[in-house]
Amino acid sequence: MDSKTENEKNYIVRLIDSSFKVSLIHYSSLLNNRRYLPKKVWLGSTGISFNRIFSYAVMMNGGIVYGFDHGAGSGWKDSITQHVIEFNYLDHFFTYNKKMQSALKKKFNKNLLFNKFRKNNIHYVEYKEKKNTKYIKKGNVYKSIVYIPRIYTKEAVIQGFNLFYPHQVYLDWQARLFNNLKNLGFDLYYKPHPANYHDVPISLLKKFDLKIIEKNMLNAYKKADILLFDSVETSAFNESLKTNIPILLININERNLDQNFISILKKRCGYISTNIDKKNRLILNSDLINLGIKEVKKKKLL
């Protein structure tokens with residue numbers, strides 16, 4: 001074993017060791033003050049480690065923990081993350097609708113669980129969903145594209161049990177994508193994830209004359225002739241599906257998407273797929289992107 005490999009091994013061991021120690025400190029502190037722990041709690045994502053620690057303490061103290069789906073939901077992907085870092089730390093889980101509930105139940109695997117959570121603990125909230133009709137695409141003019149990326153992971157490449165392309169790979173992809181779209185004559189707008197407004201490289205903005213869209217998605221809808229996504233792991237994608245603004249989804253294959261989900265998406269969106277090459281670069285096929293844009297234009301608006 002060379003020194004580099006040995007250093008990497010030591011780093012991982014120290015990381016695991018320190019993570020366990022920090023978790024134990026917080027967990028012990030909560031149990032030492034158990035009289036303040038709630039009997040019932042509606043909790044945010046247990047993808048956040050401190051939420052998991054809090055949830056586990058409440059459950060071990062006899063409390064009940066309710067969790068809920070977030071972003072674009074989770075029934076559309078094949079991943080063990082849902083079970084390992086969410087269902088294991090909840091008594092009940094609520095998702096958006098009956099179809100998402102059905103998808104989650106279909107993928108349910110009790111062998112991944114160490115607690116009492118079972119398939120029937122997956123629920124959905126019944127409500128009448130309205131289409132977002134405040135901003136409507138009118139006419140057949142396609143001059144502007146609003147690009148809406150996933151969150152920048154920066155130095156992290158793992159969240160939960162999900163792998164993400166390294167930050168450099170994603171930025172390289174974006175630069176080449178913008179260059180392609182600019183050559184096609186589009187005006188480009190960039191709607192960052194709310195956590196990344198100050199993280200978009202200035203050089204990227206200047207080189208491709210990208211205009212940043214701030215605040216909420218309604219501002220993006222005002223500018224968009226086409227909405228462009230390369231990830232469905234964002235609540236913005238979920239919301240945008242309710243509009244009748246044309247959408248192009250470039251699947252960069254960070255996730256194994258359910259084939260039924262892809263079939264449904266193709267009814268609403270232009271859809272193309274790409275992957276990583278041997279040089280760790282996402283393959284950008286200009287002809288495919290052109291084809292995807294043409295497909296978007298043919299989609300019948302709602």
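Refer to the structure above for everything that follows.
For the structure given in this document, a descriptive report is provided here. Counting of residues starts from 1 at the beginning of each chain's written sequence and follows it residue by residue. Two thresholds apply to this predicted model, a pLDDT of at least 70 for residue-level local features and 80 or more for giving and counting side-chain atom pairs, whereas whole-chain, interface and lining totals are computed over all residues. In computing side-chain properties, one takes all heavy atoms of the structure into account and sets aside hydrogens as well as water.

Now for the overall build of the protein chain. Helix numbering and strand numbering both begin at the N terminus, where a helix is a DSSP run of H or I of at least 4 residues and a strand a DSSP run of E of at least 2. When you go through the protein chain residue by residue, the secondary structure sums to ten helices and twelve strands. Note on contacts: a residue pair qualifies if any of its non-hydrogen atoms lie within 4.5 Å across the two residues. Looking at the protein chain alone, contacts between residues at least 24 apart form 66% of all its contacts between residues at least 6 apart. In this description, accessible areas are obtained by the Shrake-Rupley approach with a 1.4 Å probe, and a residue is regarded as covered only by the protein chains that are shown. As presented, the protein chain carries roughly 17400 Å² of accessible surface, and 54% of it is formed by carbon and sulfur atoms.

Attention shifts here to the nonpolar core. Buried Ala, Val, Leu, Ile, Met, Phe, Trp, Tyr and Cys residues that are joined via side-chain atoms within 4.5 Å together make up what is termed a nonpolar core. For the exposure calls, accessible area comes from a 1.4 Å probe over protein chains only, and a residue counts as buried if that area is under 20% of its type's maximum, exposed if over 50%, partly exposed in between. Judged by nonpolar contacts, the single largest core of 29 residues is most densely connected at Leu177, Phe178, Leu181, Leu210, Ile226, Leu228 and Ile250. Those elements that provide at least two residues to this core are strand S5 (144-148), helix H5 (167-183), strand S8 (187-190), helix H6 (202-207), strand S10 (226-229), strand S11 (247-251) and helix H10 (286-298). Examining the composition of this core, we find that six residues originate from one element, H5, more than from any other. Dropping the residues within four chain positions of it, Leu181 is found in contact with Ile145, Phe186, Leu188, Leu228, Ile289 and Ile293. In terms of nonpolar packing, the next biggest core, distinct from the first, is built from 24 residues, Met100, Tyr189, Ile213 and Cys269 among them.

The term salt bridge refers to a side-chain nitrogen of Lys or Arg lying within 4 Å of a carboxyl oxygen of Asp or Glu. Under the definition given, this model contains nine salt bridges. Notably, a salt bridge pairs Glu254 with Arg150, separated by 2.8 Å at the nearest N-O pair. Pair noted here: Glu254 is in the loop between S11 and helix H9 (259-268) and Arg150 is in the loop between S5 and strand S6 (158-159), with a separation of 104 residues, a long-range link. For the pair Glu254 and Arg150, a shared accessibility class is recorded, and that class is buried. Of the charged contacts in the structure, one is a salt bridge between Glu239 and Lys242, with a shortest N-O distance of 3.0 Å.

Throughout, an axis means a line fitted to C-alpha atoms (over the contacting stretch in the case of helices), and angles, computed between N-to-C directions, take values from 0 to 180 degrees. Running from amino to carboxyl end, H5 crosses H10 at an angle of 60°, the nearest separation of the two axes being 11 Å. When the interaxial angle is binned, H5 and H10 end up oblique. Taken as a pair, H5 and H10 cross one another with a handedness that is right-handed. In this structure, H5 contributes Leu177, Asn180 and Leu181 to the contact, and H10 contributes Ser286, Ile289 and Ile293. By the convention adopted, Pro, Cys, Tyr, Trp, Phe, Met, Ile, Leu, Val and Ala count as nonpolar, Lys, Arg, Asp and Glu as charged, and the other residues, Gly among them, as polar. Of the residues in the contact of H5 with H10, the class split is four nonpolar, two polar and no charged. Working definition: roughly parallel below 35 degrees, roughly antiparallel above 145 degrees, roughly perpendicular at 65 to 115 degrees, and oblique for all remaining angles. Whether a crossing is left-handed or right-handed is set by the direction in which the near helix is turned from the far one by less than a right angle, anticlockwise for left-handed and clockwise for right-handed.

Let us look at the packing of aromatic side chains. Note on ring pairs: Phe, Tyr and Trp rings are taken, using the six-membered ring of Trp, and paired if centres are within 6.5 Å. Classes follow the plane angle, with under 30 degrees stacked, over 60 edge-to-face and the rest tilted. Tallied over the entire structure, the rule returns 18 aromatic pairs. Among the aromatic residues, those joined into a cluster by ring pairs are Tyr27, Tyr56, Tyr89 and Phe114. Our definition puts a charge over a ring when NZ of Lys or CZ of Arg is within 6 Å of the ring centre and also within 35 degrees of the ring normal. Looking at Lys211, its charged tip hangs above the ring of Tyr189, at a distance of 5.4 Å from the centre. Directly above the aromatic system of Phe164 lies the positively charged group of Arg255, at a separation of 4.5 Å from the ring centroid.

Within H9, burial applies to Phe261, Ile262, Leu265 and Arg268. Seen along its axis, H9 keeps its buried residues to an arc of 115°; they face one direction. Pointing more than 90 degrees away from the buried face of H9 are the exposed residues Gln259, Asn260 and Lys267. Those residues of H9 that are buried are in contact with helix H8 (235-240), S11 and strand S12 (270-273). What qualifies as a polar contact is a pair of N or O atoms within 3.5 Å, subject to a donor-acceptor requirement within protein and to the restriction that residues adjacent in sequence count only when both atoms come from side chains. Structurally, the start of H9 carries an N-cap: the backbone nitrogen of Asn260 is 2.9 Å from a side-chain oxygen of Asp258. Along the arc lie the directions from the helix axis toward the C-beta atoms.

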